[in-house]
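The residues making up each chain are set out below.
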Amino acid sequence: MAQLFSLGRFANFMSETDIQTETLRIVSFSSDFMVLRLVRTELNPIPEDWIFPEDRLPDEWLDWKPGKQFDLTISKHELEWLQGKRELDDD
């Protein structure tokens, strides 16, 4: 069963219209990064992987193993931060 997580690192962005909830599965995890695959449906079958540097992961994620599946509610800015594409103080 998938668990629901929300990062909330960018509380001021939570009113954005680009908030999305995705079901993710951990594909691999190394000391440098975690690769997560979006679990797709028949209506949206194209696989997509998200790669997050290890130093951006929430502490509780560090104990998770490949195969774990969970739901994540995230804004565009949070996703960009997790992917290492922006810093906390970026507008």
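In this text the structure is predicted, and so the values were computed from the model without any measurement.

## Some points on the pairing of strand E4 (residues 49–53)
Because side chains alternate across E4, one face comprises the buried residues Trp50 and Phe52, and the other comprises Asp49, Ile51 and Pro53, none of which is buried. Direction of pairing for strand E3 (residues 33–38) relative to E4: antiparallel, over a ladder of 5 bridges. Residue pairing in the sheet places Val35 in a bridge with Ile51 of E4.

## Considerations on the environment of Arg86
When you line up the elements, Arg86 lands in the segment after helix H1 (76–82). A distance of 3.5 Å separates polar atoms of two side chains, one belonging to Arg86 and the other to His77.

## Some details on the pattern of salt bridges
If you walk through the whole model with that rule in mind, you get 5 salt bridges. Among the salt bridges present, the one from Arg40 reaches Glu22, with a minimum N-O distance of 3.9 Å. Highlighted residues: Arg40 in the loop between E3 and E4 and Glu22 in strand E2 (residues 20–29), separated in sequence by 18 residues. Given the relative accessible area of 25%, Arg40 is considered partly exposed. Residue Glu22 is classed as buried on the basis of its relative accessible area of 17%. Arg86 is the partner of Glu80 in a salt bridge, and the nearest nitrogen-oxygen pair spans 2.8 Å. Residue classification places Glu80 among the buried positions, given a relative accessible area of 19%. Three or more residues joined by partner-sharing salt bridges are found here, namely Glu22, Arg40 and Glu48.

## Quick word on the nonpolar core
Among the nonpolar cores identified, the biggest contains 16 residues, and Leu24, Leu36, Trp50, Phe52, Trp61 and Phe70 are the most heavily contacted of them. Those elements giving two or more residues to this core turn out to be E2, E3, E4, strand E5 (69–74) and H1.

## Concerning the packing of aromatic side chains
This model, assessed by the stated rule, comprises 5 aromatic pairs. Taken together, a centroid distance of 6.4 Å and an interplanar angle of 35° make the contact between Phe52 and Trp61 tilted. Judged by relative accessible area, Trp61 falls into the buried class, the value being 1%. The rings of Trp50, Phe52, Trp61, Trp64 and Phe70 are connected pair by pair, giving a single aromatic cluster. A cation over an aromatic ring shows up here: Lys68 above the ring of Trp64, its NZ or CZ 4.7 Å from the ring centre.

Cut-offs and rules
All residue numbers refer to position in the chain's written sequence, counted from 1. The predicted origin of the model limits local features to residues at a pLDDT of at least 70 and limits the giving and counting of side-chain atom pairs to 80 or more, whereas totals for whole chains, interfaces and linings rest on all residues. To get the side-chain values, take all heavy atoms of the structure and skip hydrogens and water. Burial status follows relative accessibility: with a 1.4 Å probe on protein chains alone, a residue under 20% of its type maximum counts as buried, one over 50% as exposed, and anything between as partly exposed. In this text, helices come from DSSP runs of H or I with a minimum length of four residues, and strands from runs of E with a minimum of two, each type numbered from the N-terminal end. The criterion for strand pairing is that DSSP finds at least two bridges linking the strands in question. Residues adjacent in sequence count toward polar contacts only when both atoms are side-chain atoms; beyond that, a polar contact is any pair of N or O atoms within 3.5 Å, and within protein one must be able to donate a hydrogen and the other to accept it. Here, a salt bridge means any Lys or Arg side-chain nitrogen found within 4 Å of an Asp or Glu carboxyl oxygen. Here, nonpolar core refers to any group of buried Ala, Val, Leu, Ile, Met, Phe, Trp, Tyr and Cys residues whose side-chain atoms link them within 4.5 Å. Only Phe, Tyr and Trp rings take part, Trp by its six-membered ring, and two of them pair if their centres are within 6.5 Å. Stacked means planes under 30 degrees apart, edge-to-face means over 60, and tilted covers everything else. Our definition puts a charge over a ring when NZ of Lys or CZ of Arg is within 6 Å of the ring centre and also within 35 degrees of the ring normal.

Nothing here speaks to function; it is all geometry.
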